[in-house]
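Fold and contact review
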Number of protein chains: 2
Amino acid sequence: MSGTHTGVPSVLAHELPRPVPIDELEACPVGELFRRLGDKWSMLLLILLGGRPHRYNELHRAIEGISQRMLTRTLRALETDGLVRREVHPTVPPGVEYSLTPLGRTLLEPVSALADWAVRHEADIREARFRHTGA
Amino acid sequence: MSGTHTGVPSVLAHELPRPVPIDELEACPVGELFRRLGDKWSMLLLILLGGRPHRYNELHRAIEGISQRMLTRTLRALETDGLVRREVHPTVPPGVEYSLTPLGRTLLEPVSALADWAVRHEADIREARFRHTGA
DNA sequence: CTGAATCCGCTATGATACTG
DNA sequence: CAGTATCATAGCGGATTCAG
């Protein structure tokens, strides 16, 4: 993707003035972020860690369904993006604590907003789906 | 976004009091929605259609990179969920117009909030990534 | 306890060609 | 113009096993 399109003005403006510079939208961080959070577990971990720090197996047990592979993978990805911090305590046995970084905490807000929407409009979507398939 | 949450997602706060019964979160609409929107084009289309209604090929040209297959698939998925409306005008040649439903328009807000975050914190993430790989 | 390594199926996405 | 059908591929994600 190309550099700093400083503008990226009305990605959000509910009124997009002209033909929409999609080239930028496409390559812009928005899509990238959604891909990141769009995987099976990222947002779940964000919300979980948003509550309080967790140890590795604590997360593993809490999510109940995630494989070690994906848990580690997802945590590493979030860590790479600076959203999650990993702290190793040199105890015996070793304990690793995961928590949100300040950046991660700021992300928690819009994520929560979206989650909130999902909860509030769950019925609407279900109904729409039903009408599509059933009727 | 939602008012008084001091760092803890309201969704969980009111439904997940303790050690967090994630089983529910897993099967809950939140994850489902993120999976939906997490694909490569859904959110892009939502934002595009949030600006104004578009015709099929108009979208195809605007996005420049999407295949007909995926454009159709994504639109259908959004339509199934009641987020996008498809209107066929019996003209010659046929014209099909896609637009957001009222439900879709409500979703546009939290989606925009997240997009906004992505734009504002693009640099932070880039830096975090750099520190991880480079140093 | 906290992972890493390996194998493998599934699904999302793309390329291409064809249709009403 | 607005799709559909078919084939091919890459990566996600799960199960299992091994290790510090």
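Remember, it's a predicted structure, so these values are computed and weren't measured experimentally. (Residues numbered from 1 in each chain as written. Chains lettered and ligands numbered in written order. Predicted model: local features only at pLDDT ≥ 70, side-chain atom pairs only at ≥ 80, totals over all residues. Heavy atoms only, no water.)

1. Things to note about the overall build of chain A
Counting its secondary structure elements, chain A contains seven helices and three strands. Here chain A holds 135 residues, and 49% of them are scored as buried. Contacts in chain A between residues far apart in sequence, at least 24 positions, make up 42% of those at least 6 positions apart. Looking at chain A as shown, the accessible area adds up to about 7100 Å², and 52% of this sits on carbon and sulfur atoms. (Helix = DSSP H or I, 4+ residues; strand = E, 2+ residues; numbered from the N terminus. Buried < 20%, exposed > 50% of the residue type's maximum accessible area, 1.4 Å probe, protein only. Contact = heavy atoms within 4.5 Å. Areas by Shrake-Rupley, 256 points an atom, 1.4 Å probe, with all protein chains shown as cover.)

2. A look at the sheet that holds strand β2 (residues 84-89) of chain A
All names here are of chain A. As summarised here, the arrangement of the three strands in space is β1-β3-β2, forming an open sheet in which the pairing is antiparallel. Strands with a single pairing partner mark the edges of an open sheet, and in this sheet they are β1 (54-55) and β2. Where β1 lies against strand β3 (residues 95-100), two bridges are found, and the strand directions are antiparallel. Considered in β3, the bridge of H54 is made with Y98. (Pairing = 2+ DSSP bridges.)

3. Quick look at the protein's contact with DNA strand C
Within the structure, DNA strand C sits among 21 residues, and N57(A), R86(A), Y98(A), K40(B) and R69(B) are positioned closest to it. Atoms of DNA strand C within 4 Å of the protein: sugar and phosphate make up 64%, bases the balance. One of the backbone N or O atoms of K40(B) is found 2.8 Å from a phosphate oxygen in DNA strand C. Of the residues belonging to the surface near DNA strand C, the class tally is seven nonpolar, five polar and nine charged. (Near = heavy atom within 4 Å. Polar contact = N/O pair within 3.5 Å; in protein donor to acceptor, adjacent residues only side chain to side chain. Nonpolar A, V, L, I, M, F, W, Y, C, P; charged D, E, K, R; others polar.)

4. Observations concerning the packing of helix α2 (residues 29-37) of chain A against helix α7 (residues 102-120) of chain B
The interhelical angle for the contact between α2(A) and α7(B), taken along N-to-C directions, is 110°, at an axis separation of 8 Å. Viewed along their axes, α2(A) and α7(B) adopt a mutual orientation that is roughly perpendicular. Side by side, α2(A) and α7(B) meet where P29(A), V30(A), L33(A), F34(A) and L37(A) of the first sit next to V111(B), L114(B), A115(B), W117(B), A118(B) and V119(B) of the second. When its residues are assigned to classes, the contact of α2(A) with α7(B) shows eleven nonpolar, no polar and no charged. (Axes fitted to C-alpha atoms, helices over the stretch in contact; angles between N-to-C directions. Parallel < 35°, antiparallel > 145°, perpendicular 65-115°, else oblique.)

5. Here we look at the protein's contact with DNA strand D
Around DNA strand D, the structure places 22 residues, and the nearest of them are R35(B), R55(B), N57(B), R86(B) and Y98(B). R35(B) places a side-chain nitrogen or oxygen 2.9 Å from a phosphate oxygen of DNA strand D. In this structure, a phosphate oxygen belonging to DNA strand D sits 2.7 Å away from a side-chain N or O atom of Y98(B). Where the surface near DNA strand D is concerned, the elements lending two or more residues are α5 (68-80) of chain A together with α5 (56-63), α6 (68-80) and β3 (95-100) of chain B.

6. Topic: α5(B)
Residues and elements named next belong to chain B. What α5 keeps buried is the set L59, A62 and I63. Down the axis of α5, the smallest arc covering the buried residues is 85°, so these residues share one side. One or two positions beyond α5, positive phi appears at E64, with a value near 50°. (Arc of directions from axis to C-beta.)

7. Topic: the environment of Q68(B)
All names here are of chain B. With respect to the helices, strands and loops of the structure, Q68 is situated in helix α6. On the basis of relative accessibility, which here comes to 47%, the residue Q68 falls in the partly exposed class. Between the C-alpha atoms of Q68 and Y56, which are twelve residues apart in sequence, the distance is 9.4 Å. Excluding anything up to four places from it in sequence, Q68 contacts Y56 and H60.

8. Some points on the nonpolar core
In this structure, L107(A), L114(A), L107(B), V111(B) and L114(B) are the most contacted members of the largest nonpolar core, which totals 67 residues. Setting aside anything within four residues of it in sequence, one finds L114(A) in contact with F34(A), L33(B), F34(B), L37(B), L107(B), P110(B), V111(B) and L114(B). (Core = buried A, V, L, I, M, F, W, Y, C linked by side-chain atoms within 4.5 Å.)

9. Details of the pattern of salt bridges
Across all of its chains, the model carries 16 salt bridges over all chains by this definition. Put simply, E32(A) and R129(B) hold a salt bridge, and the shortest N to O gap is 3.0 Å. Placement of the pair is E32(A) in helix α2 and R129(B) in helix α8 (residues 122-133), with the two residues belonging to separate chains. For E32(A), a relative accessible area of 32% gives the class partly exposed. Taking the relative accessible area as the measure of exposure, R129(B) reaches 24% and is therefore partly exposed. For D81(B), the salt bridge identified is with R129(A), shortest N-O distance 2.5 Å. Taken together, the residues span two chains, with D81(B) in the loop between α6 and β2 (84-89) and R129(A) in helix α7 (residues 122-133). Sharing partners across several salt bridges, the network here consists of E32(A), R36(A), D81(A) and R129(B). (Salt bridge = Lys/Arg side-chain N within 4 Å of Asp/Glu carboxyl O.)

10. Let's talk about the packing of aromatic side chains
Evaluation of the coordinates by the stated rule reveals one aromatic pair over all chains. Ring centres of F34(A) and F34(B) lie 6.5 Å apart, and the angle between their planes is 5°; on these two criteria the pair is classed as stacked. In this pair, F34(A) is assigned in helix α2 and F34(B) in helix α3 (residues 29-37), connecting two distinct chains. Assessed through its relative accessible area of 2%, F34(B) is described here as buried. (Phe/Tyr/Trp six-rings, centres within 6.5 Å; stacked < 30°, edge-to-face > 60°.)

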